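If you want the building blocks of each chain, they are given just below.
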Amino acid sequence: MIIRLFFLILFSMHCGACSAEVSNAEVEVSLERAVISFSGSVSSDDVSGFKNIVDSGGVLLIRKFTSGNLGGRGAELNEKFSASVVTSDMAFPIKGQTPFSVKVLFPGLPIKNVKGLSRYTFPVAACDLHFGQWMALLKETIAPLPEAVEGSSIILNAVSGCWIYVEAQVIDDILVGGFAVFKREENEVKLVSIIELL
């Protein structure tokens with residue numbers, strides 16, 4: 001009887017592990033689909049497609065002047081926007097500021113092969129922080145990478161279900177570029193934030 005119970009428990013654990021593997025594979029497919037949708041919609045000015053991948057609560061736009069304000073670039077930005085306000089040229093109008101242009105921020109789009117992008121680990125703790133507090137962690141993660149020289153596209157993975165598509169480089173010890181943050185929402189991966197470091 002004890003042996004049967006042992007084998008029943010062992011079998012249940014094995015089935016649970018198989019289920020987790022399928023779930024991880026499904027999440028990976030969802031991530032690839034979201035990144036491809038982001039890439040295609042931004043590069044082709046497909047506003048409808050862009051709206052489909054944005055989180056239902058909107059997208060948090062963050063603009064930070066990591067290289068200084070240079071005599072008056074305007075105020076930094078940290079505000080959530082509905083995807084419904086994005087313009088036909090893939091920009092978010094910002095009152096009193098330069099529009100937040102997604103297309104200009106990611107000149108490497110469209111992505112030809114998501115699976116071909118280099119992937120690196122991003123600190124898990126970062127996904128629990130407000131996106132506006134990521135600057136130091138992003139720089140610490142990206143600065144040593146070979147892609148930081150030319151600003152080649154990469155994906156940063158965090159085990160807590162968030163990923164960052166990155167087009168950024170380190171110039172004179174300053175991280176500049178664009179970061180599209182994707183998070184798992186139930187069984188789908190959605191765009192939740194875009195960070196612009198100037």
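Computed from a predicted model, the values in this text were never measured in an experiment.

Asks: So what exactly am I meant to see when it comes to the overall build of the protein chain here?
Replies: Secondary structure assignment for the protein chain yields five helices and nine strands. Listed N to C, the secondary structure of the protein chain is α-α-β-β-β-β-α-β-α-α-β-β-β-β in terms of helices and strands. The burial tally for the protein chain puts 42% of its 198 residues in the buried class. The contacts in the protein chain between residues at least 6 apart in sequence include a share of 54% that link residues at least 24 apart. Of the roughly 10600 Å² of accessible surface on the protein chain, 58% is carried by carbon and sulfur atoms.

Asks: Which parts of the structure should I look at to understand helix H4 (residues 135-142)?
Replies: For the α-helix, the turn length of 3.6 residues means that residues three or four positions removed from each other point alike. Buried within H4 are the following residues: Met 135, Leu 138, Thr 141 and Ile 142. Axial view of H4: buried residues confined to an arc of 135°, hence all on one face. In H4, those exposed residues whose orientation departs by more than 90 degrees from the buried face are Ala 136 and Glu 140.

Asks: What is the right way to look at the packing of aromatic side chains in this model?
Replies: Taken as a whole and judged by the stated rule, the model has eight aromatic pairs. With 6.3 Å between their ring centres and 65° between their planes, Phe 38 and Tyr 165 make a pair best called edge-to-face. Residue Phe 38 is located in helix H1 (residues 2-43), and its partner Tyr 165 is located in strand E7 (residues 162-171); the two are separated by 127 residues in the primary sequence. Seen in terms of ring centroids, Phe 50 and Phe 92 are 6.2 Å apart; in terms of plane orientation they differ by 65°. Their pairing is edge-to-face. Linking Phe 50 in helix H2 (residues 47-53) with Phe 92 in strand E3 (residues 91-92), this pair joins segments that are 42 residues apart in sequence.

Asks: Any chance you could explain the nonpolar core here in plain terms?
Replies: One broad rule of soluble globular proteins: the nonpolar side chains tend to lie buried together. In this structure, Phe 38, Phe 50, Phe 92, Tyr 165, Phe 182 and Ile 194 are the most contacted members of the largest nonpolar core, which totals 35 residues. Beyond its immediate chain neighbours, meaning those up to four positions away, Phe 50 contacts Phe 38, Ser 41, Val 42, Val 86, Met 90, Phe 92, Leu 191 and Ile 194. Counting residues in each nonpolar core, the second largest holds 25 residues, with Ile 142, Ala 148, Ile 164 and Phe 179 among its members.

Asks: Before we go on, may I ask you to explain the environment of Cys 162 in this structure?
Replies: By the element assignment, Cys 162 lies in strand E7. As a C-alpha pair, Cys 162 and Ala 126 span 36 residues in sequence and 9.5 Å in three-dimensional space. With near-sequence residues (within four places) excluded, Cys 162 lies in contact with Cys 127, Leu 156, Asn 157, Phe 182 and Lys 183.

Asks: Is there a simple way to explain the sheet that holds strand E6 (residues 154-158) in this structure?
Replies: Working definition: the strands of a sheet are paired by backbone hydrogen bonds and lie parallel or antiparallel to each other. Judged by pairing direction, the sheet is mixed, and its seven strands sit side by side in the order E2-E1-E9-E8-E7-E6-E5 without closing on themselves. Bordering the open sheet on either side are strand E2 (77-81) and strand E5 (118-121), each of which pairs with just one other strand. Between one strand axis and the next, the sheet turns through 25° on average, direction left out of account. Direction of pairing for strand E1 (residues 59-64) relative to strand E9 (residues 188-197): parallel, over a ladder of five bridges. Bridging across to E9, Leu 60 finds its partner in Ser 193. Along the sheet, H4 makes contact with E1, E5, E6, E7, strand E8 (174-185) and E9, crossing E8 at roughly 105°.

How each quantity is defined
Residues numbered from 1 in each chain as written. Predicted model: local features only at pLDDT ≥ 70, side-chain atom pairs only at ≥ 80, totals over all residues. Heavy atoms only, no water. Helix = DSSP H or I, 4+ residues; strand = E, 2+ residues; numbered from the N terminus. Buried < 20%, exposed > 50% of the residue type's maximum accessible area, 1.4 Å probe, protein only. Contact = heavy atoms within 4.5 Å. Areas by Shrake-Rupley, 256 points an atom, 1.4 Å probe, with all protein chains shown as cover. Arc of directions from axis to C-beta. Phe/Tyr/Trp six-rings, centres within 6.5 Å; stacked < 30°, edge-to-face > 60°. Core = buried A, V, L, I, M, F, W, Y, C linked by side-chain atoms within 4.5 Å. Pairing = 2+ DSSP bridges. Axes fitted to C-alpha atoms, helices over the stretch in contact; angles between N-to-C directions.

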